[in-house]
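Examination of the molecular architecture
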Amino acid sequence: MVSICPIREPILEKDEEHMPERAHERERLLEERRTLLHEIERIEAFLRSEVEFEPEEGDPDLIERDKAASLLASLQERLQEIEDALEHIEEGTYGICERCKQPIPAERLEIMPEARYCVACQEIIERQRRRSSF
Ligand SMILES: [Zn+2]
């Protein structure tokens, strides 16, 4: 029996071992990115729609606008984190804690695919950030 045996590159096997995880994270990040871009667009459109309120009503939107503006800022920050994570996937540095250089546990990446620090380092960094903001 003559059969054409597909040539299997050893590199491919190694990738298969390694890639699906990242492909999965990448997919989730891209999905998240799409959602965020959509949301950002929506809020930006809302903020652009200024002068549409009725003068006799005052501007009941003012508080809404304030809320929308700060929401927009946090969404943009999150988008940046996602862009960075996608870049790290390209560079092959994804999933490595930027502080202690240890691999970030898969369970953490599952919950938070844009995580750049392990839990311990994240806590330290947040504590420092809190302290410096006072
Ligand atoms: Zn760490």
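Quick notes on the rules
Residues numbered from 1 in each chain as written. Predicted model: local features only at pLDDT ≥ 70, side-chain atom pairs only at ≥ 80, totals over all residues. Helix = DSSP H or I, 4+ residues; strand = E, 2+ residues; numbered from the N terminus. Buried ≥ 20, exposed ≤ 12 C-beta atoms within 10 Å, placed from the backbone. Contact = placed C-beta atoms within 7 Å. UniProt positions renumbered as here; feature names shortened; annotations may be inferred. Expected span 1.5 Å × (residues − 1). pLDDT = per-residue confidence, 0-100.

1. Structural notes on the overall build of the protein
- Helix and strand counts for the protein stand at four helices and zero strands.
- If you list the helices and strands of the protein from N to C, you get α-α-α-α.
- Per-residue burial for the protein yields a buried fraction of 10% across its 134 residues.
- Of the contacts formed within the protein by residues at least 6 apart in sequence, a portion of 56% connects residues at least 24 apart.

2. Section: unusual backbone geometry
- Backbone geometry at Lys101 places phi at a positive 65 degrees, although glycine is not the residue there.
- Of note, Lys101 is situated in the loop between helix 2 (61-91) and helix 3 (106-111).
- Residue classification places Lys101 among the exposed residues on the basis of 10 C-beta atoms within 10 Å.

3. A few points about the UniProt feature "domain: Zinc finger DksA/TraR C4-type" (unreviewed entry) in the protein
- UniProt annotation of "domain: Zinc finger DksA/TraR C4-type" (unreviewed entry) refers to residues 92-127 when read in the numbering used here.
- Note that residues 92-127 is 42% helix and 0% strand, and that its end C-alpha atoms are spaced 28 Å apart.

4. Observations concerning the environment of Phe46
- Among the secondary structure elements, Phe46 is positioned in helix 1 (residues 10-48).
- Overall, the presence of 16 C-beta atoms within 10 Å leaves Phe46 in the partly exposed class.
- Put simply, Phe46 and Ala68 are 22 residues apart on the chain and 8.2 Å apart in space, counted from C-alpha to C-alpha.

5. Quick notes on helix 4 (residues 119-133)
- Between its first and last C-alpha, helix 4 extends 21 Å over 15 residues, near the 21 Å set by a 1.5 Å rise per residue.
- In terms of burial, helix 4 is largely open, as just zero of its 15 residues are buried.

6. Observations concerning helix 2
- A rise of 1.5 Å per residue sets the reference length of helix 2, with its 31 residues, at 45 Å; its end C-alpha atoms lie 44 Å apart and thus fit the reference within 8%.
- Positioned one or two residues after helix 2, Gly92 has a phi angle of 80 degrees, which is positive.

7. A word on the confidence of the model for the protein
- Chain-level statistics for the protein give a pLDDT mean of 84 and a share of 75% at 70 or above.
- Scored below 50 in pLDDT, residues 9-16 makes one contact in the model with residues more than four places away or belonging to other chains.

8. What about the environment of Ala115?
- Position of Ala115 among the secondary structure elements: in the loop between helix 3 and helix 4.
- The exposure class assigned to Ala115 is buried, which follows from the 21 C-beta atoms found within 10 Å.
- Setting aside anything within four residues of it in sequence, one finds Ala115 in contact with Ile104, Arg108 and Leu109.

9. Topic: the environment of Val119
- As for its placement among the helices and strands, Val119 is situated in helix 4.
- Each C-alpha atom, one on Val119 and one on Ile104, is 8.1 Å from the other, the two residues being 15 residues apart in sequence.

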